[in-house]
Structure formats: C-alpha cells, structure tokens
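What follows is each chain in one-letter form.
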Amino acid sequence: LQPDDVVTIAPIPLARIWMVDRFARNGELFMPEGASLAQAIASAGGAVLTLPPSLEPSDPTFYQDAEVVVRRGSAATRLKLNDVDALTAFTVAAGDTITVELPRTIKVTVTGESPNPGEKVWREGTELSRVIAAAQGAGPQGTLQGVLVLRGAEVFVVNAAERLGGRPSPPF
C-alpha cells in the first residue's frame, strides 16, 4: 500500500424482501443474494402457526399442511412449510413477498345424543365420519342411522353408520 491509500470493503449484495403475517418478526428483511427461503424464515424468527384458542383445529395434522407462499411479481410459488429440502433449495430474490398460509377452517357443532358434543374447528373438507368419531359417535340413546346435518336453511338426513362402516355414501 501507499501512504494515504483508502481501503473500502464492499458490502454483500442484499435482496430486500418482505415477510408478512405469520412470522415472529414481520416486515422488511435484507438477505444476502442467493439466500434460501429457509434462511429468510429463520431470519424472521420462524413461522408462527398458533391460532386463537377458539379457532384451534381439532385435526392433529392441521399444521402439517401449512404452506409458505412466495409472491414474485405476478407469480406465486407454494411450498410446504415442513419440507425443509424445498425451503433450502428455493432462493429468495429482491422484491419477494413471503407469507405462510394455513388450511382453511370451518366450525362444526355436534349436538344431540353424543358423548362428546360441542363446537369444534376442522379443516375445510373434513368428512362427516371424522367429526362424528371425534364426538365419540352416538351415545346409548342415539343412533347414527338418521343423523341430521343442518346447513343454513337446508336439512340433510344422513346414514352416518354407513359412512363410519367404510361404505361410500353420496356427498351432501
């Protein structure tokens, strides 16, 4: 070096991305170019998957279907949150907006002659047989051969004994 030389260390090129909604730290994040989606999620403090107690799902596998959605321009890429290999292989880019989406839920209330009636939260598309099984079926004074399903102003009479017995029955 010569007298009065100035040495400047170049900064690492950074990609500005946005972590939105279900992260410990939401907002703007600067990641080194070439960083993986897994690194970005870790830098945001990880995903936060809890729901309010009144919306806690009855299905123990519910959170396994959480997806990370990366919006890049008009395109959206969806990856399973628990697929570490895919999250590690995916490279974030400047301008990405990253969110976590949980499966859609529905509230279902079981009433009548059931040992475990009550309102529970289920994943959208859950089969009637799973809801009845979680309510422990029919009590000693109940039957599954004429289960009433009320949906808005419509009423369906379903032979749930067939559904629980493994025989297919038409959807309602």
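Preceding block: the structure.
Residues numbered from 1 in each chain as written. Predicted model: local features only at pLDDT ≥ 70, side-chain atom pairs only at ≥ 80, totals over all residues. Heavy atoms only, no water.

### A closer look at the sheet that holds strand 2 (residues 27–32)
Logical step 1: Pairing within the open sheet is mixed, and its five strands lie in the order 2-1-5-3-4. Of all strands in the sheet, those bounded by a partner on one side alone are strand 2 and strand 4 (75–80). Each adjacent strand pair in this sheet contributes to an overall mean axis angle of 30°, direction not counted.
Logical step 2: Bridge count between strand 3 (residues 67–72) and strand 5 (residues 97–101): five bridges; the pairing is antiparallel. The residue bridging E67 from the neighbouring strand is E101, located in strand 5. (Pairing = 2+ DSSP bridges. Helix = DSSP H or I, 4+ residues; strand = E, 2+ residues; numbered from the N terminus. Axes fitted to C-alpha atoms, helices over the stretch in contact; angles between N-to-C directions.)

### What to know about the packing of aromatic side chains
Logical step 1: Per the counting criterion, the structure on display carries one aromatic pair.
Logical step 2: Taken together, a centroid distance of 5.1 Å and an interplanar angle of 85° make the contact between F62 and Y63 edge-to-face. (Phe/Tyr/Trp six-rings, centres within 6.5 Å; stacked < 30°, edge-to-face > 60°.)

### Considering the pairing of strand 5
Logical step 1: With three bridges joining them, strand 1 (residues 14–20) and strand 5 adopt parallel strand pairing. Along strand 5, the bridge assignment pairs W18 with T97.

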